[in-house]
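# Close look at the chain arrangement
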Amino acid sequence: MPDEPDDIEVEERLRELIEQLDPVPEQLLAAALGSYTWRTVDSELALLVLDSVEEDQGALVRGREDVRLLSFETSGLTIDIQVSSGGQGRRIVGQLAPPGHATVQVRQGSSVTDLDADELGRFRAQLRDGPFSLKCSTGPEGTRSVVTDWITI
Amino acid sequence: MEQGEAASLVRAAAQGDEAAWRVLVEQFSSLVWAVARSFRLGTADASDVYQTAWLRLAEHLGRLQNPEQVGAWLATTARRESISVVRSRSRSTPMEDATLADLVPADEISPELAVLDAEQATVEADRAKQMWRAFRQLPARCQQLLRILMASRRPSYVDAAAALDVPVGSIGPTRARCLKQLRREMSKVSGTESRPLNKKRHLLGDERAGRA
């Protein structure tokens, strides 16, 4: 469909207007550049395979809006996480399968926090709203490293 | 950006070339932001979506099946995260967390246009407000599409289609229809105005514009 000259003109003006009104905040651009340093080279990636927000809209109707279930998976390891509102941010309770001791590093904002998963593969943490990812070291001597996809909670 | 160029930047970044990452961010930053804003997210939520998309890409660099489609991948990721944020955040958006709908053009024109004399600056500011009012009158779907297409680095139709989860072929016709509607709304809010739209004519001091 050929453009009408007026369309091109009005589009150019609208683009200028929106650039003035709603630019990408500068600190966000810096954060995007910086996210490269979070890249892990030697870890396996556990992909998000289930998100109750996407899968189960009915849950909202049933009054369970405070709990969100996330499941990440890579070969031979599943990380299930239950997210609920708690205190100032979000409370997460995690479960590794197969169960077992592990070190779980919570990656959020510019900070990392190390936790231990118990012998049943359970762990809990307090998070803020925003993107987070977990890095789990499992197996003998913690030799296996797995990171989850980033996701906003 | 050519698809071949995008693919080689993704591969270079996956190999540890941080300069390639920078080019990718500069190219697609405004698209990712536009997608989040097009879902009417407030600044805080849009920021979370934006950051999540980039963090996720950093982790997926070496794993993308179609690295030449990295723009569409980012747009899709931003769309999904936006939808999930809309659904999962039951909290109301704080007043200070402005969505696209809350933005208002300034009374005074921006510094780069200060070369204009005062009278012209006021005219430009008024026209910006008129245009924004007209934009806000458009159907939600038009506002969403146009916000995405108005990313400062103009997105490809493939990337825009991924952002909206619609067929690529629908973008062009919808854009034309929405722009036409925008012009109609503008002529409503500005009465029967037939002044030239392009402010560059004003900037250049075009005499025809001056006489009109």
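Residues numbered from 1 in each chain as written. Chains lettered and ligands numbered in written order. Predicted model: local features only at pLDDT ≥ 70, side-chain atom pairs only at ≥ 80, totals over all residues.

## Re the overall build of chain B
Looking only at helices and strands, chain B features 10 helices and zero strands. Within chain B, buried positions represent 39% of all 212 residues. Sequence separation of at least 24 residues holds for 67% of the intrachain contacts in chain B that already meet a minimum separation of 6. (Helix = DSSP H or I, 4+ residues; strand = E, 2+ residues; numbered from the N terminus. Buried ≥ 20, exposed ≤ 12 C-beta atoms within 10 Å, placed from the backbone. Contact = placed C-beta atoms within 7 Å.)

## What to know about the overall build of chain A
Of the regular secondary structure elements, chain A holds four helices and 10 strands. The globule rule puts the C-alpha radius of gyration for 153 residues at 15 Å, and the 21 Å found for chain A is more than 25% above it. Buried residues in chain A amount to 26% of all 153 residues. (Rg over C-alpha atoms; globule rule 2.2 N^0.38 Å.)

## Thoughts on unusual backbone geometry
Put simply, A97(A) and P98(A) share a cis peptide bond, and its omega is 0°. Its place among the elements puts P98(A) in the loop between β4 (89-97) and β5 (102-108). Positive phi, normally seen in glycine, also occurs at R40(B), with a value near 60°. With respect to the secondary-structure elements, R40(B) resides in the loop between α2 (18-38) and α3 (43-60). One non-glycine residue, D165(B), adopts positive backbone phi at about 55°. Checked against the element boundaries, D165(B) lands in the loop between α7 (157-164) and α8 (168-189).

## Some words on the pairing of strand β8 (residues 131-138) of chain A
Residues and elements named next belong to chain A. Burial analysis of β8 places six of its eight residues in the buried class, the great majority of the element. Relative to β8, β5 is paired through six bridges, and the arrangement is antiparallel. Bridged to Q105 within β8 is K135. Where β8 lies against strand β10 (residues 151-152), two bridges are found, and the strand directions are antiparallel. (Pairing = 2+ DSSP bridges.)

## Focus on the nonpolar core
Residues and elements named next belong to chain B. Core analysis: the biggest nonpolar cluster contains 79 residues, and V32, V35, A36, L74 and A78 have the highest contact counts within it. Ranked by residue count, the leading element in this core is α2, at 10 residues. Taken together, domain 1 (3-88) and domain 2 (101-211) each give at least three residues to this core, which thus spans both. Once residues within four sequence positions are removed from consideration, A78 is found in contact with V32, V35, A36, V49, A53 and A163. (Core = buried A, V, L, I, M, F, W, Y, C linked by C-beta atoms within 7 Å. Domains from an automatic or database assignment.)

## Some words on the confidence of the model for chain A
Low-pLDDT portions of the prediction should not be read for the details of their coordinates. The pLDDT averaged across chain A works out to 88; a share of 92% of its residues lies at or above 70. Mean pLDDT across the secondary structure elements of chain A bottoms out at helix α4 (residues 58-61) of chain A, with 50, and peaks at helix α2 (residues 26-34) of chain A, with 96. (pLDDT = per-residue confidence, 0-100.)

## Regarding the interface of chain A and chain B
Every contact between the two is made by 40 residues of chain A and, on the other side, 47 residues of chain B. Where the side of chain A that touches chain B is concerned, the elements lending two or more residues are α1 (5-21), α2, β1 (44-51), α3 (52-55) and β10 of chain A. The element best represented in the side of chain A that touches chain B is α1(A), accounting for 13 residues. Split into classes, the residues belonging to the side of chain A that touches chain B amount to 21 nonpolar, five polar and 14 charged. (Nonpolar A, V, L, I, M, F, W, Y, C, P; charged D, E, K, R; others polar.)

## So, the confidence of the model for chain B
On average, residues of chain B score 85 in pLDDT, and 81% of them reach the 70 mark or higher. Taken over the whole predicted complex, pTM reads 0.87, whereas the ipTM for its chain interfaces reads 0.90.

## Focus: α7(B)
All names here are of chain B. Among the residues of α7, D159, A160, A161, A162 and A163 are the ones counted as buried. On its buried face, α7 is in contact with α2, α4 (70-88), α6 (140-149) and α8. In the segment just after α7, D165 is the residue with positive phi, at about 55°.

## Let's talk about the domain arrangement of chain B
Residue and element names in this part refer to chain B. Under the domain assignment used here, chain B contains domain 1 (3-88) and domain 2 (101-211). Between domain 1 and domain 2, the residue contacts involve 14 residues of the former and 15 residues of the latter. Contributions of two or more residues to the side of domain 1 that touches domain 2 are made by α2 and α4. The residue inventory of the side of domain 1 that touches domain 2, partitioned by class, reads six nonpolar, five polar and three charged.

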